[in-house]
Amino acid sequence: MDSLKIAIQKSGRLSEDSLKLFKECGIKFSNGAKKLKTIASNFPLEFLFLRDDDIPGYVEDRVADVGIVGRNVLLESQKPVIEILKLGFSRCRLSLAVSRDVDYSGIEYFQNKSIATSYPFILKNHLDDHNIKAEIHKISGSVEIAPGIGLTDGICDIVSSGSTLISNGLKEVEVIMKSEAVLVGHDDLNDHKMKLLDRLVFRINAVLEGRNNKYVLLNAPNDQIDEIVKILPGMRSPTVLPLAEKGWSSIHSVINEDEFWENIERIREAGAEGILVVPIEKMIR
Ligand code: PRT
Ligand code: ZN
């Protein structure tokens with residue numbers, strides 16, 4: 001039977017995290033540096049290693065069934081390829097930036113100005129939405145130097161820490177979109193491939209949920225159990241076990257990363273002590 005073909009970035013910001021994700025999904029494969037493709041030994045999955053910009057097109061042409069790219073690249077490609085799953089890594093934003101000396105008061109600043117970018121399609125849409133007419137210069141690399149060399153008034157580029165902007169004397173003034181790595185593909189794969197994709201997505205979700213949650217164990221006086229259970233509802237409900245010391249219990253539950261510290265503070269106030277927090281490798285609800 002055919003394997004599912006997945007296109008991933010050959011070398012760049014998405015590569016390492018993409019490979020790590022498949023390893024954590026228990027999928028074994030060898031990836032020599034110069035390889036164009038490789039087949040997993042324990043899952044019907046074939047990897048194609050490509051430049052990220054080419055991935056939406058290869059998926060459109062069915063050379064690959066699915067792929068991993070930044071949402072920015074997917075949208076800019078304008079290919080009829082859908083976003084299947086957010087993967088939570090390579091988070092960044094596509095933003096407008098201008099020289100730090102500019103007294104910026106709003107997007108109207110860009111009326112009749114010039115902007116350098118590698119994302120002319122996404123930028124044009126955004127400017128149209130705000131009725132701004134600007135001259136868009138498409139350049140493929142080192143966009144951040146454009147204002148400094150007098151090419152354009154501003155830039156529209158990917159920002160992560162913001163340090164590239166700062167070191168080029170620029171400041172971020174508008175966020176056009178937020179991006180992260182996404183699994184892309186078709187919604188009309190044949191039954192066999194759709195089943196393989198479902199199995200893959202199931203595994204990826206288990207890994208991502210594990211990353212987004214922590215296992216928590218704590219001790220609490222019995223009269224505080226109800227209060228603590230309200231704060232830590234867990235998967236179905238927390239485990240409560242008696243301690244050797246009378247009147248005390250151990251509570252085990254799962255906490256979401258996003259609300260972690262807030263909930264830890266609340267359970268301490270509710271009388272919890274001896275709190276242990278443990279990473280979760282996989283989580284299946
Ligand atoms: O060779 P190939 O075409 O495959 O790779 P590429 O060079 O086109 O892409 P690559 O590997 O640089 O980025 C792949 C994807 O990673 C992008 O499409 C984004 O979705 C995502 N990503 C996450 C980033 C960044 N963070 C990022 N910081 N892509 C680019 N940058 C660049 C940005 O262009 C700017 O020059 O980093 C600089 C800004 O970083 P900070 O941290 O200084 O703000
Ligand atoms: Zn690229």
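Just so we're clear, the structure is a prediction, and the values are computed from it rather than from any experiment.

Conventions we followed
- Residues numbered from 1 in each chain as written.
- Chains lettered and ligands numbered in written order.
- Predicted model: local features only at pLDDT ≥ 70, side-chain atom pairs only at ≥ 80, totals over all residues.
- Heavy atoms only, no water.
- Helix = DSSP H or I, 4+ residues; strand = E, 2+ residues; numbered from the N terminus.
- Rg over C-alpha atoms; globule rule 2.2 N^0.38 Å.
- Buried < 20%, exposed > 50% of the residue type's maximum accessible area, 1.4 Å probe, protein only.
- Salt bridge = Lys/Arg side-chain N within 4 Å of Asp/Glu carboxyl O.
- Patch = residues over 30% accessible without salt bridge, like charges linked within 9 Å, V, L, I, M, F, W, Y side chains within 5 Å.
- Areas by Shrake-Rupley, 256 points an atom, 1.4 Å probe, with all protein chains shown as cover.
- Polar contact = N/O pair within 3.5 Å; in protein donor to acceptor, adjacent residues only side chain to side chain.
- Contact = heavy atoms within 4.5 Å.
- Domains from an automatic or database assignment.
- Near = heavy atom within 4 Å.
- Arc of directions from axis to C-beta.
- Pairing = 2+ DSSP bridges.
- Axes fitted to C-alpha atoms, helices over the stretch in contact; angles between N-to-C directions.
- Lys, Arg positive; Asp, Glu negative; His and termini not counted.
- Charge placed at Lys NZ, Arg CZ, Asp CG, Glu CD.
- Donors = N, O, S within 2.8 Å, 3.2 Å for Na, K, Ca; no water.
- Tetrahedral: all angles 85-135°; square planar, octahedral: opposite > 155°, others 65-115°.

Asker: A description of the overall build of the chain should follow, citing residues and the corresponding values.
Answerer: The helix and strand tally for the chain stands at eight helices and 15 strands. Taken over the C-alpha trace, the chain has a radius of gyration of 24 Å; the compact-globule value for 285 residues is 19 Å, which it surpasses by more than 25%. Structurally, the chain occupies a C-alpha span of about 75 × 55 × 35 Å along its principal axes. Taking all 285 residues of the chain together, 46% fall into the buried category.

Asker: A description of the pattern of salt bridges should follow, citing residues and the corresponding values.
Answerer: Applying the stated criterion across every chain, the model contains 14 salt bridges. A salt bridge links Asp65 to Lys193; the shortest N-O distance between them is 2.9 Å. Linking Asp65 in the loop between helix H2 (55-60) and strand E4 (66-70) with Lys193 in helix H6 (residues 191-212), this pair joins segments that are 128 residues apart in sequence. The residues Asp65 and Lys193 share a single accessibility class, namely buried. When the shortest N-O distance is used, the salt bridge between Lys214 and Glu257 registers 2.9 Å.

Asker: Mind laying out a nonpolar patch on the surface, listing which residues take part and the relevant values?
Answerer: Residues Ile145, Ile149 and Leu151 make up a contiguous nonpolar surface patch of about 270 Å² in total accessible area. Judged by its relative accessible area of 62%, Ile149 falls in the exposed class.

Asker: Can you tell me about the side chain of Gln9, naming the residues and giving the values?
Answerer: Note on placement: Gln9 falls in strand E1 (residues 4-9). Looking at Gln9, its side chain comes within polar contact range of the main-chain nitrogen of Arg13, at 3.4 Å. At a separation of 2.8 Å, a polar atom in the side chain of Gln9 contacts the main-chain amide nitrogen of Leu14. Not counting the four nearest positions on each side in its chain, Gln9 is found in contact with Leu14, Ser15, Leu50, Asp52 and Ile55.

Asker: Describe the domain arrangement of the chain, with residues and values.
Answerer: Where interface size is given, it is often the accessible area lost as the parts come together that is meant. Considered domain by domain, the chain is made up of domain 1 (4-90 + 180-210), domain 2 (92-179) and domain 3 (213-279). The gap between the C-alpha centroids of domain 2 and domain 3 is 47 Å.

Asker: So what about the site of ligand 1? Which residues, and what values?
Answerer: With respect to spatial proximity, 21 residues lie near ligand 1, and among them Arg13, Asn72, Ser161, Gly162 and Thr164 are the closest. Taking Ser163, its side chain carries an N or O atom lying 3.3 Å from an oxygen atom of ligand 1. Measuring from an oxygen atom of ligand 1, one finds a side-chain N or O atom of Thr164 at 2.5 Å. Look at ligand 1: alone it shows 840 Å² of surface, and the protein chains cover 78% of it. Those elements that provide at least two residues to the shell around ligand 1 are helix H3 (71-77), strand E9 (154-159) and helix H5 (163-167). Among the elements that line the shell around ligand 1, the one with the most residues is E9, at three residues.

Asker: An account of helix H1 (residues 15-24) is requested, with residue identities and associated values reported.
Answerer: Of all the residues in H1, the buried ones are Ser15, Ser18, Leu19, Leu21 and Phe22. Relative to the axis of H1, the buried residues are bounded by an arc of 155° and lie together on one face. Remark: Gly26 follows H1 within two positions and exhibits a positive phi of approximately 80°.

Asker: So what about the sheet that holds strand E15 (residues 273-279)? Which residues, and what values?
Answerer: Strands sit in the order E13-E14-E12-E15 across an open sheet of four strands; the sheet is antiparallel. The sheet is open, and its two edges are formed by strand E13 (239-242) and E15, each paired on a single side. With strand direction ignored, the average angle separating the axes of adjacent strands in the sheet is 20°. Examined bridge by bridge, strand E12 (residues 213-221) and strand E14 (residues 248-256) share nine bridges and lie antiparallel to one another. In the strand pairing of E14, Leu218 is matched with Ile251.

Asker: Hey, could you go over a negative patch on the surface for me, with residue numbers and the actual values?
Answerer: Together, Asp258, Glu259, Glu262, Glu265 and Glu269 make up a region of like negative charge exposed at the surface. Counting through the fold element by element, Glu265 comes out in helix H8 (residues 260-269). Classification of Glu265 by relative accessible area gives partly exposed; the value is 49%.

Asker: Report on the coordination of the zinc ion (ligand 2), specifying residues and quantitative values.
Answerer: For the zinc ion (ligand 2), the full set of protein donor atoms is Asp52 (OD) and Asp53 (OD), at a range of 1.8 to 2.1 Å. Note that the zinc ion (ligand 2) binds four donor atoms; their angles at the metal cover 77 to 170°, and the shape is irregular. Exposure remark for Asp52: the relative accessible area of 17% places this residue in the buried category. Residue classification places Asp53 among the partly exposed residues on the basis of a relative accessible area of 43%.

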